[in-house]
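# Residue-level structural notes
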Amino acid sequence: MIAAQAKLVYQLNKYYTERCQARKAAIAKTIREVCKVVSDVLKEVEVQEPRFISSLSEIDARYEGLEVISPTEFEVVLYLNQMGVFNFVDDGSLPGCAVLKLSDGRKRSMSLWVEFITASGYLSARKIRSRFQTLVAQAVDKCSYRDVVKMIADTSEVKLRIRERYVVQITPAFKCTGIWPRSAAQWPMPHIPWPGPNRVAEVKAEGFNLLSKECYSLTGKQSSAESDAWVLQFGEAENRLLMGGCRNKCLSVLKTLRDRHLELPGQPLNNYHMKTLLLYECEKHPRGDRLGRGVPGGTG
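Residues numbered from 1 in each chain as written. Predicted model: local features only at pLDDT ≥ 70, side-chain atom pairs only at ≥ 80, totals over all residues. Heavy atoms only, no water.

## Some thoughts on helix 6 (residues 247-261)
Side chains of residues three or four places apart in an α-helix project in the same direction, reflecting 3.6 residues per turn. Spanning 15 residues, helix 6 covers 21 Å between terminal C-alpha atoms, matching the ideal 21 Å at 1.5 Å per step. Residues of helix 6 that are buried: R247, L251, S252, V253, T256, R258 and D259. Looking at the buried positions of helix 6, the neighbouring elements they touch are helix 1 (2-48), strand 3 (66-70), helix 3 (197-206), helix 5 (235-241) and helix 7 (271-284). (Helix = DSSP H or I, 4+ residues; strand = E, 2+ residues; numbered from the N terminus. Expected span 1.5 Å × (residues − 1). Buried < 20%, exposed > 50% of the residue type's maximum accessible area, 1.4 Å probe, protein only. Contact = heavy atoms within 4.5 Å.)

In C-alpha cells form, the structure reads like this:
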C-alpha cells in the first residue's frame, strides 16, 4: 500500500513539474500580452469617462481581477466605486443574482451613477454595461493597439478579440466585503469537517462580487428588477478556500488535463468547472489531500 502510494506521488510530481509548470509559464506569457492591450483600452476609457477607472493591476507577478477561463479566454473584472448609497437586496427571488436599490431617504442625485438608476430606485447593471460597452468600442478605435484588437458584436457584454487568438471579457463590478448573501447562507453544510470554522470566517469576510453580466437563469424574463440584476460571484472566496494543502496543485493538474484532452467545441468544460469539482470533492472527502504531503508544497 505504501509502495503504491509512493509511486502515485512520484508520478503526480513528475506530471506537475513537466506539464503543469509548462502550462503555467505559457499562460503567464499570454496574460502579460493580453493585459498590455486591455490596460491600454481601459486607459482610453478612463479619459472619456473618469468614473470607469481601471482596477487591473499586477501584484506579485499576478494580475488582480483577471480570471483565466481557458488558455485563450479571460475575464477582467473592473471594480466600480461608491456602492454605499445602495441597499443590497438578496431575497431569493432572483437565483444567483441580487439587486442594488437606493437606501431609504437617499436621493438619486446623491449617487455617482445617477443616470443608471431606474424610476424604481434600482441601479441598473444592464444600463451600466451598455454605457461601458459604448465607451470601450470608442476606446478600441483610439488605443495604440487598435490594429490587433476589436470588439465582438452580437452580445450585450463587453468582449474583445485580441490578435485573432484571445478573447477577453471586461465586466463592471462592485466588490462587497464584510457581508454574506442570504442565497449562500446554506454554505457550509452543517457537520462537515472541511472547511473549518476559522477558514469559513475568513472566506465570508472576503465577501463576493456583483457583476454586470448576462445571467442565463434569467434569460427570457422581463421584470425590470430582473433585467437590472447583478450576478453574484465568489471568485476571491473560492481562491481563499484553495489555499493550503495541495489543493492549488490539484487544480493545476485538473486544468492541464482539461487543456490537453477536453478542449472541445463550444467549451462545455472550462477552468471554473474544474475549480467547482475540486471544491466539491474537498468537502466530500476532507482528508483526501493527505496525499499532498508528498507533493512539493503540500501540507495535507
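So that's the structure; there's more coming.
## Details of unusual backbone geometry
Looking along the chain, the bond that leaves W187 and enters P188 is cis, with omega of -5°. Among the structural elements, P188 can be located in the loop between strand 9 (166-176) and helix 3. W194 connects to P195 through a cis peptide bond whose omega is -5°. Tracing the backbone through its elements, the reader meets P195 in the loop between strand 9 and helix 3. Residue D154 is not a glycine yet carries a positive backbone phi of 60°.

## Topic: the packing of helix 1 against helix 6
Taken N-terminus to C-terminus, the directions of helix 1 and helix 6 make an angle of 75°; their axes are 10 Å apart at the nearest point. Relative to helix 6, helix 1 is oriented roughly perpendicular. Here Y15, Y16, R19, C20, R23, K24 and I27 of helix 1 come into contact with helix 6, specifically with K249, S252, V253, K255, T256, L257, D259 and R260. Residues of the contact of helix 1 with helix 6, tallied by class, amount to six nonpolar, two polar and seven charged. (Axes fitted to C-alpha atoms, helices over the stretch in contact; angles between N-to-C directions. Parallel < 35°, antiparallel > 145°, perpendicular 65-115°, else oblique. Nonpolar A, V, L, I, M, F, W, Y, C, P; charged D, E, K, R; others polar.)

## Details of helix 3
The complete set of buried residues in helix 3 reads V200, V203 and E206. Seen from one end, helix 3 has its buried residues packed into an arc of 120°, which puts them on one side. Of the residues in helix 3, the exposed ones pointing more than 90 degrees away from the buried face are P197 and N198. Close packing links the buried residues of helix 3 with strand 9, strand 10 (208-211) and helix 5. Remark: G207 follows helix 3 within two positions and exhibits a positive phi of approximately 80°. (Arc of directions from axis to C-beta.)

## Looking at the pattern of salt bridges
Under the counting rule described, the total for this entry stands at 17 salt bridges. Two residues, D259 and R23, come together in a salt bridge whose shortest N-O distance is 2.5 Å. One end of the pair, D259, is in helix 6; the other, R23, is in helix 1, with 236 residues separating them in the sequence. The exposure class assigned to R23 is buried, which follows from its relative accessible area of 13%. Each of R23, R258, D259 and E263 takes part in a single network of salt bridges with overlapping partners. (Salt bridge = Lys/Arg side-chain N within 4 Å of Asp/Glu carboxyl O.)

## Considerations on the nonpolar core
Generally speaking, a soluble globular protein has its nonpolar side chains buried in company with each other. Of all hydrophobic cores here, the largest spans 49 residues; its most connected members are L123 and L210. The element contributing the most residues to this core is helix 1, with nine residues. Residues in contact with L210, not counting those within four places in the same chain, are M83, F88, A98, L100, P172, A173, F174, C176, W230, V231 and L232. The next biggest cluster of nonpolar side chains, apart from the first, holds 12 residues, and it includes V203, L242, M274 and L279. (Core = buried A, V, L, I, M, F, W, Y, C linked by side-chain atoms within 4.5 Å.)

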